[in-house]
Amino acid sequence: MTPQPKDTTTPMATAITNISSLVTNDPSLGHGPLGIIESAAVVIDGDRIAWVGTNSKAPATDSHLDAEGRAVLPGFVDSHSHLVFAGDRTAEFNARMEGRPYSAGGIRTTVAATRAASDAELDATVARFVGEALRQGTTTIETKSGYGLTVEDEARALRVAARHTDEVTFLGAHIVAPEYAEDPAGYVELVTGPMLEACAPHARWIDVFCERGAFDGDQARAILTAGAARGLTPRVHANQLGHGPGVQLAVELGAASADHCTHLTDADVDALASGDTVATLLPGAEFSTRSRYPDARRLLDAGATVALSTDCNPGSSFTSSMPFCIALAVREMGMTPDEAVRAATAGGARALRRTDVGRVAVGARADLVLLEAPSHVHLAYRPGVPLTAAVWRGGARVR
């Protein structure tokens, strides 16, 4: 019998060809820490990456898209946002720009508005900002409760969030609820008792704002320990407004991330560098509060894993743009463009303990961003310019 030629066509697959520069975040696939492949192609099969390599070796597929010499990188992974809210804090922002300092207390304004909003209004808000982020290349997003601060309102916030993302965080410990202003210990009991009981089934993570004006180290420890006992993995708002115990507590408890990390001692840096807790930096908050930026260079040089996220929220960082945060990180935080892009993709994935996103490799989820530029460096080189030409999430083109 005459041997039949092997069918090299990948059924129901799509190839993106003629990519000038492909960021894979896999050094084994290309050069440098970003694993960059030049003159590249990538094949999507269903919701996964089926093949990655040079354009000249790309397999035949049912369909293809010509990237026309533009760059492709993994979808951004935004591991810190607060999207379940209502109301507007324009006046507070305006006052800050006139010189009023930022403090944790402004959260109470959003709490009142969020409690008064309907489920439909909250759902529409989350959908709006998830869609806004997606159009800019964010294909994985975490979001939190924290603007309800009652058992019922925190649980419904998590139910709303879960309709839009799998990465849902219980943040009943955002601030002490107004009703408990004179009894913070009583509020901690509520958070670790009935509120946790109602919220744990709807969340993957538990977070606490460990900061002056919010929760001290002992309170934060009690809350995070209770959450861990219910199967929720800790995250910590740490060291944003000043030096404090947040980072050390995060590392001690095996938190996935310590977020903000603006005010760090040498011991804090060493703890992050020697542990598995990711330092998630949120430059949008510093931009919007005219505060000191975190020193990313110090963390990276020490060997810590760094993530970049938007902290999208109505009070201190009202942006959903990961490209904007990349540009800020490069300009204000001592990061190179390569480091910032890695932090916004692979770093965010690490902060969410995900291996299926934040990279372009066989078996990874097919989350891709096509830039209207020949290189990922343009994200910092051309700040404020809408460079996202196309987005794929789970293999489906969504823009």
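Please refer to the structure placed before this passage.
Computed from a predicted structure; not experimentally measured. (Residues numbered from 1 in each chain as written. Predicted model: local features only at pLDDT ≥ 70, side-chain atom pairs only at ≥ 80, totals over all residues. Heavy atoms only, no water.)

Participant: Can you walk me through the overall build of the chain in this structure?
Facilitator: Tallying secondary structure elements over the chain gives 13 helices and 16 strands in all. Taking 21 Å as the expected radius of gyration for a compact globule of 399 residues, we find that the chain reaches 22 Å, a close match to that expectation. In terms of overall dimensions, the chain has a C-alpha envelope of 85 × 40 × 40 Å along the principal axes. Partitioning the intrachain contacts of the chain with sequence separation of at least 6 by distance along the chain shows that 70% fall at a separation of at least 24. Charge-centre separation for the chain: the mean point of 35 positive side chains lies 3 Å from the mean point of 47 negative side chains. (Helix = DSSP H or I, 4+ residues; strand = E, 2+ residues; numbered from the N terminus. Rg over C-alpha atoms; globule rule 2.2 N^0.38 Å. Contact = heavy atoms within 4.5 Å. Lys, Arg positive; Asp, Glu negative; His and termini not counted. Charge placed at Lys NZ, Arg CZ, Asp CG, Glu CD.)

Participant: It is not clear to me how the layout of surface pockets should be interpreted in this structure. Could you clarify?
Facilitator: Where empty space is left in the structure can be found by rolling a water-sized probe over the atoms. A volume near 400 Å³ is recorded for the largest pocket. Considering the residues around the largest pocket, the lining is formed by 24 residues, among which Asn25, Thr305, Arg342, Ala346 and Gly347 are closest to the centre. Broken down by element, the lining of the largest pocket gets its largest block of residues, 8 residues, from helix α12 (residues 337-351). Taken together, the residues of the lining of the largest pocket break down into 11 nonpolar, 5 polar and 8 charged. (1 Å grid on protein atoms, 1.4 Å probe; cavity = no way out; pocket = protein on both sides within 12 Å on 5 of 7 lines; lining within 4 Å. Points joined across faces, edges and corners; volume = space filled by probe spheres on them. Nonpolar A, V, L, I, M, F, W, Y, C, P; charged D, E, K, R; others polar.)

Participant: Mind showing me how you'd approach the pattern of salt bridges here?
Facilitator: A side chain of one charge can pair with a side chain of the opposite charge when the charged atoms of the two come close. Using the criterion set out here, one finds 20 salt bridges in the structure. Put simply, Arg70 and Glu68 hold a salt bridge, and the shortest N to O gap is 3.9 Å. The class for Arg70 is buried, based on a relative accessible area of 16%. The salt bridge partner of Lys144 is Asp207, with a shortest N-O separation of 3.0 Å. (Salt bridge = Lys/Arg side-chain N within 4 Å of Asp/Glu carboxyl O. Buried < 20%, exposed > 50% of the residue type's maximum accessible area, 1.4 Å probe, protein only.)

Participant: Help me understand the pairing of strand β9 (residues 205-210), please; the structure alone is not making it clear to me.
Facilitator: Side-chain direction in a regular strand flips from residue to residue, so the side chains alternate between the two faces of the sheet. Among the 6 residues that make up β9, 6 are buried, leaving the element largely enclosed by the rest of the structure. Residue alternation in β9 divides its side chains into two sets, Trp205, Asp207 and Phe209 and Ile206, Val208 and Cys210, and both sets are buried. Relative to β9, strand β8 (residues 167-173) runs parallel, the two sharing 3 bridges. Looking at β9, one finds that Phe170 is bridged to Ile206. With helix α5 (residues 184-199) bridging β8 and the parallel β9, this β-α-β connection has right-handed handedness. Sheet topology places β9 next to strand β10 (residues 233-238); 6 bridges connect them, and they run parallel. If you follow Phe209 over to β10, its bridge partner there is His237. At this point the chain moves from β9, through helix α6 (residues 217-229), to the parallel β10, and the crossover so formed is right-handed. (Pairing = 2+ DSSP bridges. Right-handed = clockwise from strand over helix to strand, strands pointing away.)

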